[in-house]
Amino acid sequence: MSHPILRRAAFPGAVLAAAAALVLGASTASAAVPQPAASGPVVSAAAAWTPPPGYVRETAYVGSLASCETKGAEGVANGAWTAYVCHQEYRQLTDIWMLFTSLYVKK
């Protein structure tokens, strides 16, 4: 049987080791690139997608597909453009990935 003082001294080290493993494990998981949804709007890398012929980029939104759709429909309704496409893509900002939605319009 071990001495009670030795058991107490070994316990905090085990807690620190377990905490370090959790922190290191969490940091690798948070560094993963978000995966696009299987269905719904187009989500791709910036270099992999080009707008259809005749479309120009009007504006961009951070993650808001609904805002893009609303602005696109309003532009068609008031005659500012004849058609629109909302395109979503992940962009890396420093150490995080954010979803941007760009509005492309056909005048």
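You'll find the structure just up there.
Residues numbered from 1 in each chain as written. Predicted model: local features only at pLDDT ≥ 70, side-chain atom pairs only at ≥ 80, totals over all residues. Heavy atoms only, no water.

1. What about the state of the cysteines?
The bond known as a disulfide is covalent and runs between the sulfur atoms of two cysteines. The following threshold applies: In this description, a disulfide is simply a cysteine sulfur pair whose atoms lie within 2.5 Å. Each helix is a run of DSSP H or I of at least 4 residues and each strand a run of E of at least 2, with the numbering of both proceeding from the N terminus. Note on classification: 1.4 Å probe, protein chains only; a residue is buried when its accessible area is under 20% of the maximum for its type, exposed when over 50%, partly exposed between these limits.
Within the structure shown, the criterion is met by 1 disulfide. The disulfide partner of Cys68 is Cys86, and the gap between their sulfur atoms is 2.1 Å. As the torsion about the S-S bond is roughly -100 degrees, the Cys68-Cys86 disulfide counts as left-handed. Taken together, the residues span a long stretch of sequence, with Cys68 in helix α2 (residues 65-77) and Cys86 in strand β3 (residues 83-93) at a distance of 18 residues. Note on Cys68: relative accessible area 0%, which makes it buried.

2. Side note on the pattern of salt bridges
Rules: Whenever Lys or Arg places a side-chain nitrogen within 4 Å of a carboxyl oxygen from Asp or Glu, that contact is recorded as a salt bridge.
One pass over the structure, following the stated rule, counts 2 salt bridges. One salt bridge connects Lys107 with Glu58, and the closest N-O pair in it is separated by 3.9 Å. Linking Lys107 in the segment after β4 (96-106) with Glu58 in strand β2 (residues 55-62), this pair joins segments that are 49 residues apart in sequence. A relative accessible area of 63% places Lys107 in the exposed class. Overall, Glu58 belongs to the partly exposed group, its relative accessible area being 35%.

None of this, on its own, says anything about what the molecule does.
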